[in-house]
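# Topology and contacts: notes
If you want the building blocks of each chain, they are given just below.
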Amino acid sequence: RMRLDRGAVAACAYVDRAFASIDWIAFTNEAQRSISGVPYRVHYEEGHAFTGGALTSPVFRNMGIATYRFSEQVRYMRNRGTTMCYNVIGIDNVPSRRCVEKHGAQVRQICRHRRVLGWRRWTERPVHDGESLVRAV
């Protein structure tokens with residue numbers, strides 16, 4: 001409810017009457033802050049949007065529901081005049097990355113958000129051609 005009150009849009013998918021998947025869309029800074037605590041700069045005044053907080057119920061994973069939901073989100077954003085959509089996805093979250101990459105998304109930056117007690121640091125660096133996004137263990 002808090003996210004909706006701050007202007008975020010919920011994109012939900014149901015199978016029959018069962019909740020299957022959700023993702024959030026922000027068209028303002030306030031809505032973005034309600035979705036994600038990362039201080040990623042989005043140019044809303046230029047028609048850009050932010051999505052985050054996606055979740056698919058374990059019962060409905062690997063069925064293409066999140067991909068379908070995201071395709072409807074893309075259509076919704078285009079109809080609103082959105083020209084660019086930003087997603088902040090954990091580097092290890094391969095299913096979410098694949099979902100947005102099917103719609104043309106590209107990894108442009110590697111961002112790191114560090115928080116220790118009251119100290120915070122956010123850094124961004126561009127992804128270089130051919131750079132692997134898989135972490136070495």
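Residues numbered from 1 in each chain as written. Predicted model: local features only at pLDDT ≥ 70, side-chain atom pairs only at ≥ 80, totals over all residues. Heavy atoms only, no water.

## Some thoughts on the overall build of the chain
For the chain, the helix and strand inventory stands at four helices and six strands. The globule rule puts the C-alpha radius of gyration for 137 residues at 14 Å, and the 15 Å found for the chain is close to it. Its C-alpha atoms give the chain principal-axis dimensions of roughly 45 × 35 × 35 Å. Buried residues in the chain amount to 30% of all 137 residues. Relative to all contacts within the chain whose residues are 6 or more apart in sequence, the contacts with residues 24 or more apart total 55%. Here the chain carries 22 positive and 12 negative side-chain charges, and the mean point of each set is 4 Å from the other. (Helix = DSSP H or I, 4+ residues; strand = E, 2+ residues; numbered from the N terminus. Rg over C-alpha atoms; globule rule 2.2 N^0.38 Å. Buried < 20%, exposed > 50% of the residue type's maximum accessible area, 1.4 Å probe, protein only. Contact = heavy atoms within 4.5 Å. Lys, Arg positive; Asp, Glu negative; His and termini not counted. Charge placed at Lys NZ, Arg CZ, Asp CG, Glu CD.)

## A look at helix α3 (residues 65-79)
Here α3 is 15 residues long and its end C-alpha atoms lie 21 Å apart, about the 21 Å a rise of 1.5 Å per residue gives. Among all positions in α3, only Ile-65, Ala-66, Arg-69, Phe-70, Gln-73, Val-74 and Met-77 are buried. In this structure, the buried side of α3 is in contact with β1 (9-15), β2 (18-26), β3 (48-56), β4 (84-87) and α4 (94-101). Looking one or two places after α3, you find Gly-81, whose phi comes out positive at around 90°. (Expected span 1.5 Å × (residues − 1).)

## Quick notes on the nonpolar core
Counting residues in each nonpolar core, the largest one holds 12 residues, listed as Ala-8, Ile-22, Trp-24, Ala-26, Ala-31, Ile-35, Val-38, Tyr-40, Val-42, Tyr-44, Phe-50 and Tyr-86. Elements supplying a minimum of two residues to this core: β2 and α2 (29-35). With three residues, the single largest contributor to this core is β2. Discounting chain neighbours no more than four positions away, the residues touching Tyr-86 are Tyr-40, Val-42, His-43, His-48, Ala-49, Phe-50 and Thr-51. Phe-27, Ala-49, Ala-66 and Cys-99 belong to the second largest nonpolar core, which has nine residues in total. (Core = buried A, V, L, I, M, F, W, Y, C linked by side-chain atoms within 4.5 Å.)

## Quick word on the sheet that holds β1
Ordered in space as β1-β2-β3-β4, the four strands form an open sheet in which the pairing is mixed. With partners counted over all chains shown, the strands left at the sheet margins are β1 and β4, one partner each. Neighbour to neighbour, the strand axes of the sheet diverge by 30° on average, direction disregarded. The pairing of β2 with β3 spans five bridges and is classified as antiparallel. Looking at β3, one finds that Ile-25 is bridged to Thr-51. (Pairing = 2+ DSSP bridges. Axes fitted to C-alpha atoms, helices over the stretch in contact; angles between N-to-C directions.)

## Here's the deal with the environment of Arg-108
Within the secondary structure, Arg-108 is located in the loop between α4 and β5 (109-116). Considered as a pair, Arg-108 and Pro-126 are 18 residues apart in the sequence and their alpha carbons are 5.9 Å apart. Those residues in contact with Arg-108 that lie beyond four places of it in its chain are Arg-125, Pro-126 and Val-127. A polar contact is formed between the side chain of Arg-108 and the side chain of Gln-106, at a distance of 3.2 Å. (Polar contact = N/O pair within 3.5 Å; in protein donor to acceptor, adjacent residues only side chain to side chain.)

## Remarks on α4
Buried residues of α4: Arg-97, Cys-99 and Val-100, and no others. Looking down the long axis of α4, one finds its buried residues gathered within 155° of arc, a one-sided arrangement. Along α4, exposed side chains directed more than 90 degrees from the buried face belong to Pro-95 and Arg-98. Residues of α4 that are buried make contact with α3 and β4. (Arc of directions from axis to C-beta.)

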